[in-house]
Amino acid sequence: LIGGEPLLETNRVLIERILKKWKDNKVIISTNGVNIMKYWDLLKNRDVELHVSLDGIKEIHYAKRHPHIENAYEKTIEGIKCALDNKKTVDIMTVFFPENANEYILFLDEMEQLGWLKNPCLQLNFILKLEGGSDLIDAEYYRNCIDTMFDLRKRDKRFMHVHIEKMLPGVTCFTLDKQTSTCNPYACEKLYMPSYVF
């Protein structure tokens, strides 16, 4: 279940029906996490995996997401903690902005407080903020992101445990030979599995 945002209060009846219809299946929900607690009565006894969008420390997250809900960051963290306490899988999905490189070190500190690196149910993923539209990717910006990630890995070994496999195909051409690469990676909709989109 992806969005937009599936866990809006207006979607509750539909979510209930989906969970009932596929009661024996694992359900993956991509969410901003703000309403996890409001849906907890439906999720607590289900095989559910949460992909939670959290773009760094609170200041970065608010600057990039502009939430209109009071204490949105704190509500998201509360939902993540509840899910982890109940042995649910949580993948933190962080859109990577190279200009925020220094703050990501603080973000890893926060993730460790949630149990990252010790709790196998919690995974941290960085995803590129792709420039240039939905089909074409700005190759120079992409290279800058890769260079910044490599620099972060040198500065803080914890970045070796951040999953970056969610990046689009084409990353190899930049990491192997950034100087001579002429490949322009592109987004391909065939890479994504079928989902209910809200």
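Structure: above.
Conventions adopted
Residues numbered from 1 in each chain as written. Predicted model: local features only at pLDDT ≥ 70, side-chain atom pairs only at ≥ 80, totals over all residues. Heavy atoms only, no water. Helix = DSSP H or I, 4+ residues; strand = E, 2+ residues; numbered from the N terminus. Buried < 20%, exposed > 50% of the residue type's maximum accessible area, 1.4 Å probe, protein only. Contact = heavy atoms within 4.5 Å. Areas by Shrake-Rupley, 256 points an atom, 1.4 Å probe, with all protein chains shown as cover. Pairing = 2+ DSSP bridges. Core = buried A, V, L, I, M, F, W, Y, C linked by side-chain atoms within 4.5 Å.

Draft legend 1. Layout of the overall build of the protein. A tally of helices and strands in the protein yields 7 helices and 4 strands. Moving toward the C terminus, one meets the helices and strands of the protein in the order α-β-α-β-α-α-β-α-β-α-α. Per-residue burial over the protein gives 44% buried out of 198 residues. Taking the intrachain contacts of the protein between residues at least 6 apart in sequence as the baseline, contacts between residues at least 24 apart amount to 67%. Accessible area for the protein stands at about 11,400 Å²; split by element, carbon and sulfur atoms hold 52% of it.

Draft legend 2. Highlighting the pairing of strand β3 (residues 89-96). In terms of burial, β3 is largely enclosed, as 7 of its 8 residues are buried. Where strand β2 (residues 48-53) meets β3, 5 bridges bridge the pair, whose relative direction is parallel. Across the sheet, residue S53 finds its bridge partner in β3, namely M93. When β3 meets strand β4 (residues 122-128), the two strands line up parallel, connected through 7 bridges.

Draft legend 3. Geometry of the nonpolar core. In terms of nonpolar packing, the biggest core is built from 50 residues, with I80, I92, F107, L124 and F126 touching the most fellow members. Among all residues touching I92, those that are not within four sequence positions of it are V52, L54, I80, F107, M111, L122, Q123, L124 and N125.

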